[in-house]
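Fold and contact review
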Amino acid sequence: MRIRATVAASLGALALTAIAIPAAQAADHSGVRGAASQATTFAAKATSQTAKATAFSAASASDDQVGDTAISNVVVNGGKDVVLGTTATKTITVTFTATDDSGIDTSTGYAVLYHGTDMDNSDAGAVPSQQVGDATNCKTTGATTATCTMTITIDPRANLANYAAGSWKTWAIAGGTDGDYSQKENAKTFSVKRYSKLTTNASPEPVTKGKTITVTGSLTRANWDTSKYMGYTKQPVKLQFKKKGAASYSTVKTVTSSSTGGLKTTVTAASDGYWRYSFAGTSTTPSVTSTSDFVDVR
């Protein structure tokens, strides 16, 4: 128990802080790899009471398994995409179930998030606010089961760069009270996306029936490199119309955003109604629909 407490004290403090570096240096994410290594080292110490605990490799974050410990039901951010703008931080939870026939050592549960082909080649990431080795990281829910919960705050100015938008991975570890353990380099994939904005302006208002209505707008998204919103270029955006009194919108045409993210097209005025643009989203940018603009046709 003294060994376990010592490891927790010395390694836990280092895992408290998510990587806090300028976006320009976002490629240096040794902190994420370090946190994973710390969690592996602690779990090795915590489970070294039995002969089974001989294969933990503190130098490797890749998959590792001894015995029947299992990690399952991994959920990141409630199963939703993680979407961030330019400045506001976002706090999310990562939960997973750990099982072992002898019960779970709740101090061994831990998880970190990263972007990259694997942990050794990660180029962005974030670690929990919890310390490595904290027995409250997991809660025993049955004789063989525990639920582990990590709280992670992501700061777009410190943790992210534009290249990091898209698919991310969850590294997780947990150990049994009998020395069994499971370490997963990719326990769950999820998406981190750049917040998007979309506007619509239809004019003139009012307009004579049969005349031309010009519908302009702008599609922008968060630029994590500059902490500003920039135009999302060459993207298909749907122009939609809902006649006054109708229940739903219909797509009139698709407009491609310009080199600055601008949108512009014309339609013929036929009846009173609401105009809006709608963007379906991409692997790096969420879907967004603008507020509508009503045009009175006379």
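Provided above is the structure to which this section pertains.
In this report, we go over the structure that sits alongside the text. Values in this document were obtained by computation on a predicted structure and should not be read as measured data. (Residues numbered from 1 in each chain as written. Predicted model: local features only at pLDDT ≥ 70, side-chain atom pairs only at ≥ 80, totals over all residues. Heavy atoms only, no water.)

1. Here's the deal with the packing of aromatic side chains
Heads up, the condition is: In summary, the pairing rule links any two rings of Phe, Tyr or Trp, Trp by its six-membered ring, whose centres are within 6.5 Å, and it sorts them by plane angle into stacked for under 30 degrees, edge-to-face for over 60 and tilted for everything else. Put simply, DSSP marks the helices as runs of H or I at least four residues long and the strands as runs of E at least two long, and each gets a number from the N terminus on. Exposure categories follow from relative accessible area, calculated using a 1.4 Å probe and restricted to protein chains: below 20% of the type maximum is buried, above 50% is exposed, and the middle band is partly exposed.
Overall, the coordinates contain five aromatic pairs when judged by the stated rule. Ring centres 6.2 Å apart and planes at 50° place the aromatic pair Trp-168 and Phe-190 in the tilted group. Taken together, the residues span a long stretch of sequence, with Trp-168 in strand β9 (residues 166-176) and Phe-190 in strand β10 (residues 181-194) at a distance of 22 residues. An identical accessibility class is assigned to Trp-168 and Phe-190; each is buried. Ring centres of Phe-241 and Trp-275 lie 4.4 Å apart, and the angle between their planes is 40°; on these two criteria the pair is classed as tilted. Here the residue Phe-241 occupies a position in strand β14 (residues 236-243), and Trp-275 occupies one in strand β17 (residues 273-279), the gap between them amounting to 34 residues.

2. A word on the environment of Gly-281
Convention followed: Note on contacts: a residue pair is in contact if any heavy atoms of the two residues lie within 4.5 Å.
Of note, Gly-281 is situated in the loop between β17 and β18 (288-289). When the C-alpha positions of Gly-281 and Lys-193 are compared, they lie 9.8 Å apart, and in sequence the two are 88 residues distant. The residues touching Gly-281, leaving out its near neighbours within four places in the chain, are Pro-286 and Ser-287.

3. So, the side chain of Thr-108
Filter applied, for reference: Think of a polar contact as two N or O atoms within 3.5 Å of one another; within protein, one of them needs to be a possible hydrogen donor and the other a possible acceptor, and neighboring residues in sequence only count if both atoms come from side chains.
One can find Thr-108 in strand β5 (residues 104-115). For Thr-108, a relative accessible area of 2% translates into the label buried. A polar side-chain atom of Thr-108 sits 2.7 Å from the main-chain carbonyl oxygen of Asp-105. Here Gly-175 takes part through its backbone nitrogen, which lies 2.7 Å from a polar atom of the side chain of Thr-108.

4. Examining the pattern of salt bridges
Our working definition: Salt bridge, as used here, is a side-chain nitrogen of Lys or Arg placed within 4 Å of a carboxyl oxygen of Asp or Glu.
All told, the structure shown has three salt bridges when counted by the stated rule. Across the salt bridge formed by Arg-157 and Asp-155, the nearest N and O atoms sit 3.5 Å from each other. Relative accessible area serves as the criterion here: at 43%, Arg-157 is assigned to the partly exposed category. Look at Asp-155 and you get buried, because its relative accessible area is 18%. Residue Asp-296 is joined to Arg-298 by a salt bridge in which the shortest nitrogen-to-oxygen separation is 3.0 Å. Using a relative accessible area of 23% as the deciding quantity, one classes Asp-296 as partly exposed.

5. Quick look at unusual backbone geometry
When glycine is set aside, most residues are seen to have a negative phi, and most peptide bonds are trans. Residue Pro-204 follows Ser-203 across a cis peptide bond; omega there is 5°. Examined against the element boundaries, Pro-204 turns out to sit in the loop between β11 (196-203) and β12 (212-223). For Ser-227, which is not glycine, the phi dihedral falls at a positive 60°. Along the chain, the position of Ser-227 falls in the loop between β12 and β13 (228-231).

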